[in-house]
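If you want the building blocks of each chain, they are given just below.
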Amino acid sequence: MTVTEDRPQMLAEEFERIAAAAEREGVRMEFIHGRLGVKAVPDGDHDEIIRWLMERCMQHRPDLWLYPERGLRVERYRKGHAKPDGTLAPKGSFAGHGEWADPSQVVMIVEVTSYDSDTDKRDREEKPSAYAQTGIPVYLLIDRDTCETLVYTDPDGDTYANLARRPFGRTIHLPDPVGITLDTEPLKDWVC
């Protein structure tokens, strides 16, 4: 039997059982484009970046909350499961949901690159595609390898139509429905 790129490694329900067991052992898993992946445990600088962004969101959009590590069903037909570093949504959006929630109220996803071998493919290729397919309006990638912030917008069902990238230290605008402009100078402090 030959495995093809389009054929998932397992059913989403099987992934959910495996991920729950792995989480009890301290391993975080994701299921993107039908492929099982292990998500790196964040380091302290990673955590500081999320804290910094959470503060910015609270200051400028108190009606929204940046939920860390919120499990979401992503991709068409709910085939994928991701735990983004941050999920910006109206407060209370996930009340009553289980570990893997519907992303319909999400206005922005945030990922901060980790220093592992899968970052390039996972954060720069697979996740933008999955989040665009899901219709999430804004994907913010804080790329510690290239010292850039990347803002993907205008999902068209398969990909994001627009990409803005700025080096750390410059401002970058997160368009509506987020509507925040970030001064990224502090990000320079958390690059390994």
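Just above, that's the structure.
Throughout this document, residue positions are counted from 1 along each chain, in the order its sequence is written. The model is predicted, so local features are restricted to residues of pLDDT at least 70 and side-chain atom pairs to those at 80 or more, both for listing and for counting; the totals for chains, interfaces and linings are taken over all residues. As a rule here, side-chain values cover all heavy atoms of the structure and leave hydrogens and water aside.

> Please explain the overall build of the protein as it appears in this structure.
The number of helices and strands found in the protein is three helices and twelve strands. Considering only contacts within the protein whose residues lie at least 6 apart along the sequence, 53% involve residues at least 24 apart. For the protein, the computed accessible surface area is about 9300 Å², with 50% contributed by carbon and sulfur atoms. Only DSSP runs of H or I covering at least 4 residues are called helices, and only runs of E covering at least 2 are called strands; the numbering of each starts at the N terminus. Two residues qualify as a contact provided that any one of their heavy atoms is within 4.5 Å of a heavy atom in the partner residue. We get accessible surface area from the Shrake-Rupley algorithm with a probe of 1.4 Å; when it comes to residues, only the shown protein chains can shield them.

> So what exactly am I meant to see when it comes to the nonpolar core here?
What is meant by a nonpolar core is a set of buried Ala, Val, Leu, Ile, Met, Phe, Trp, Tyr and Cys residues, joined one to another through side-chain atoms within 4.5 Å. Accessibility here uses a 1.4 Å probe with only protein chains present; expressed as a share of the type maximum, an area under 20% marks a residue as buried, one over 50% as exposed, and anything in between as partly exposed. Within the largest apolar cluster, 25 residues are counted, with the highest numbers of intra-cluster contacts made by L53, L88, M108, L140, L174, V178 and L182. Elements with a minimum of two residues in this core: α2 (44–60), β3 (64–68), β7 (108–112), β8 (138–143), β11 (171–174) and β12 (180–183). Residues within four places of L53 in sequence aside, it is in contact with L66, V110, L140 and L182. The next biggest cluster of nonpolar side chains, apart from the first, holds 18 residues, and it includes F94, V106, A130 and Y152.

> Is there a simple way to think about the side chain of T113 in this case?
Locating T113 in the fold gives a position in the loop between β7 and α3 (119–134). Any pair of N or O atoms that falls within 3.5 Å is considered a polar contact. Within protein, one atom must be able to donate a hydrogen and the other to accept it, and sequence-neighbouring residues count only if both atoms are side-chain atoms. Polar contacts involving the side chain of T113 include one to the main-chain amide nitrogen of R144, which spans 2.8 Å.

> Sorry if this is basic, but what is going on with unusual backbone geometry here?
With the exception of glycine, the majority of residues adopt a negative phi angle, and the majority of peptide bonds are in the trans configuration. Put simply, D176 and P177 share a cis peptide bond, and its omega is 15°. Checked against the element boundaries, P177 lands in the loop between β11 and β12. Look at C147: it is not a glycine, yet its phi comes out positive at around 55°. Its place among the elements puts C147 in the loop between β8 and β9 (148–155). Here the phi dihedral of D154 falls at roughly 60°; this positive angle occurs in a residue that is not glycine. Inspection of the secondary structure assignment puts D154 in strand β9.

> Explain the sheet that holds strand β6 (residues 86–90) to me, please; I cannot follow it from the model alone.
Paired through backbone hydrogen bonds, the strands of a sheet run either parallel or antiparallel to each other. Any two strands with at least two DSSP bridges between them are considered paired. In spatial order, the strands read β3-β6-β7-β8-β9-β10; together these six strands make up an open sheet with mixed pairing. Every other strand in the sheet has two partners, leaving β3 and β10 (160–167) as the edge strands with one partner each. Sheet twist, expressed as the average angle between the axes of neighbouring strands with direction ignored, equals 20°. Pairing of β3 with β6, which is carried by five bridges, proceeds in the antiparallel orientation. For P68, the partnering residue across the bridge sits in β6 and is G86. Here, axes are lines fitted to C-alpha atoms. For helices the fit covers the stretch in contact, and angles between N-to-C directions go from 0 to 180 degrees.

> Is there a simple way to think about the pattern of salt bridges in this case?
Oppositely charged side chains may form a pair once their charged atoms are brought near each other. Note on definitions: salt bridges are taken to be side-chain nitrogens of Lys or Arg within 4 Å of carboxyl oxygens of Asp or Glu. All told, the structure shown has ten salt bridges when counted by the stated rule. Close ionic contact of E55 with R56 constitutes a salt bridge, the shortest N to O distance being 3.8 Å. Here R124 and D143 are joined by a salt bridge, their closest N and O atoms 2.7 Å apart. One end of the pair, R124, is in helix α3; the other, D143, is in strand β8, and 19 residues separate them in sequence. By sharing partners, the salt bridges in this structure join E48, R51, E55 and R56 into a single network.

> Just to check I follow, could you spell out α2 for this structure?
Each turn of an α-helix holds 3.6 residues, which means side chains three or four residues apart point in the same direction. Multiply 1.5 Å by the residue count of a helix minus one, and that product is the helix's expected span. In this model, α2 (17 residues) spans 25 Å end to end at C-alpha, consistent with the 24 Å of a helix rising 1.5 Å per residue. All of the buried residues along α2 are H46, I49, I50, W52, L53, M54, R56 and C57. On its buried side, α2 packs onto β3, β6, β7, β8 and β12.

> I keep staring at the pairing of β7 and nothing clicks. Help me out?
Residues in a regular strand point their side chains to alternate faces of the sheet. Most of β7 is tucked away: five of the five residues are buried. Here β7 shows two buried faces, one formed by M108, V110 and V112 and the other by I109 and E111. Taken together, the three bridges between β6 and β7 define a ladder with antiparallel strand orientation. What sits directly across from T87, in β7, is I109. Of the strand pairs in this sheet, β7 and β8 are connected by five bridges, and their pairing is parallel. Residue pairing in the sheet places V112 in a bridge with I142 of β8.

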